[in-house]
Amino acid sequence: MRHFLIINGPNLNRLGLREPDVYGSKTLTDLERELMLFAEKQGFQVTCFQSNHEGDLIDAIHEADDQFDGIVLNPGAFTHYSYAIRDAIASVSMPVIEVHISNVHSREPFRHQSVTAPVTAGQIIGLGFEGYQYALLALHKKMGEK
């Protein structure tokens, strides 16, 4: 059975409280619960991880290489400036899909650039929580191609 890691970066633990007009009223716990149910229906497993610390995210990416078939990653604000996370993504052999709940291109100009995107298998932006589901389906399909 395929097993994917969902990694959420800084401030995503504040979902439901932080800027509900941008991110909605559902919490990180709601997101994780929805993703676990979705994965079960699709016939694969997910493990969820969240951290506000860059090094923890890098460690999770490195460790995933031996344990998971792919990663869905929302790097939060690290998207725009963390070359260390970019290099961690580039160092693993599995596909990584970058996800953002909001449409970063309709927000502040600093959010328009992703330093992580060039080393991911793709991006899903602005589709809310559903974006994570699309990313999981894309990873699952990618694994079927191998």
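Positions within a chain are numbered from 1, following the residues in the order the chain's sequence is written. In view of the model being predicted, local features appear only for residues whose pLDDT reaches at least 70, and side-chain atom pairs are presented and counted only at 80 or more, with totals across whole chains, interfaces and linings using the full set of residues. Side-chain numbers here rest on the full set of heavy atoms in the structure, without hydrogens or water.

K.L.:
Before we go on, may I ask you to explain the sheet that holds strand β4 (residues 96-100) in this structure?
P.N.:
The strands making up a sheet are joined through hydrogen bonds of the backbone, oriented either antiparallel or parallel. Strand pairing is defined by DSSP finding a minimum of two bridges between the two strands. Runs of E in the DSSP output that reach at least two residues are strands. Runs of H or I that reach at least four are helices, and both are numbered from the N terminus. Reading across the sheet, the five strands line up as β2-β1-β3-β4-β5 and stay open at both edges, with parallel pairing between neighbours. Each edge of the open sheet is held by one strand with a lone partner, namely β2 (45-50) and β5 (122-125). This sheet shows a mean twist of 20° between the axes of neighbouring strands, independent of strand direction. Two residues qualify as a contact provided that any one of their heavy atoms is within 4.5 Å of a heavy atom in the partner residue. Geometry is summarised by axes, namely lines fitted to C-alpha atoms with helices restricted to the contacting stretch, and by angles between N-to-C directions that run from 0 to 180 degrees. Docked against the sheet, helix α2 (residues 28-42) engages β1 (3-8) and β2, running at close to 165° with respect to β2.

K.L.:
Please explain the packing of helix α3 (residues 54-64) against helix α4 (residues 83-91) as it appears in this structure.
P.N.:
Relative orientation and spacing of two packed helices are given, respectively, by the angle between their axes and the distance between those axes. Where α3 contacts α4, the two axes come as close as 9 Å, and the packing angle between them is 5°. Relative to α4, the element α3 lies roughly parallel. Where α3 approaches α4, its residues Glu-54, Leu-57, Ile-58, Ile-61 and His-62 are matched on the opposing element by Ala-84, Ile-85, Ala-88, Ile-89 and Ser-91. Gly is placed with the polar residues, together with every amino acid not listed as nonpolar (Ala, Val, Leu, Ile, Met, Phe, Trp, Tyr, Cys and Pro) or charged (Asp, Glu, Lys and Arg). By residue class, the composition of the contact of α3 with α4 is seven nonpolar, two polar and one charged. When an angle is under 35 degrees it counts as roughly parallel; over 145 it counts as roughly antiparallel; between 65 and 115 it counts as roughly perpendicular; any other value is oblique.

K.L.:
Can you help me understand the nonpolar core in this one?
P.N.:
Most often, soluble globular proteins have nonpolar side chains that are buried together. Each nonpolar core is a collection of buried residues, namely Ala, Val, Leu, Ile, Met, Phe, Trp, Tyr and Cys, held together in the definition by side-chain atoms within 4.5 Å. Each residue's exposure class comes from its accessible area (1.4 Å probe, protein chains only) as a fraction of the maximum for that residue type: buried when under 20%, exposed when over 50%, partly exposed otherwise. Grouped together as the largest cluster of nonpolar side chains are 23 residues, with contacts concentrated most on Leu-15, Val-72, Tyr-132 and Leu-136. Secondary-structure elements contributing two or more residues to this core are β1, α2, β4 and α5 (130-144). Leaving out residues up to four positions away in the same chain, Leu-15 has contacts with Tyr-23, Lys-26, Thr-27, Leu-28, Leu-31, Ile-101 and Phe-129. The next biggest cluster of nonpolar side chains, apart from the first, holds 17 residues, and it includes Ile-7, Ile-61, Phe-68 and Ile-71.

K.L.:
It is not clear to me how α2 should be interpreted in this structure. Could you clarify?
P.N.:
Since the α-helix packs 3.6 residues into each turn, any two residues three or four apart lie on the same face. Expected span of a helix: the number of residues minus one, times 1.5 Å. Over its 15 residues, α2 extends 21 Å from the first C-alpha to the last, a length consistent with the 21 Å expected when each residue adds 1.5 Å. Of the positions making up α2, those classed as buried are Leu-28, Leu-31, Leu-35, Phe-38 and Ala-39. For α2, the buried positions fall inside an angular range of 100° around the axis, keeping them on one side. With respect to the buried face of α2, the exposed residues turned more than 90 degrees away are Glu-40 and Lys-41. Of the surrounding elements, those touching the buried residues of α2 are β1, β2 and α5. The arc in question is formed by the directions pointing from the helix axis toward the C-beta atoms.

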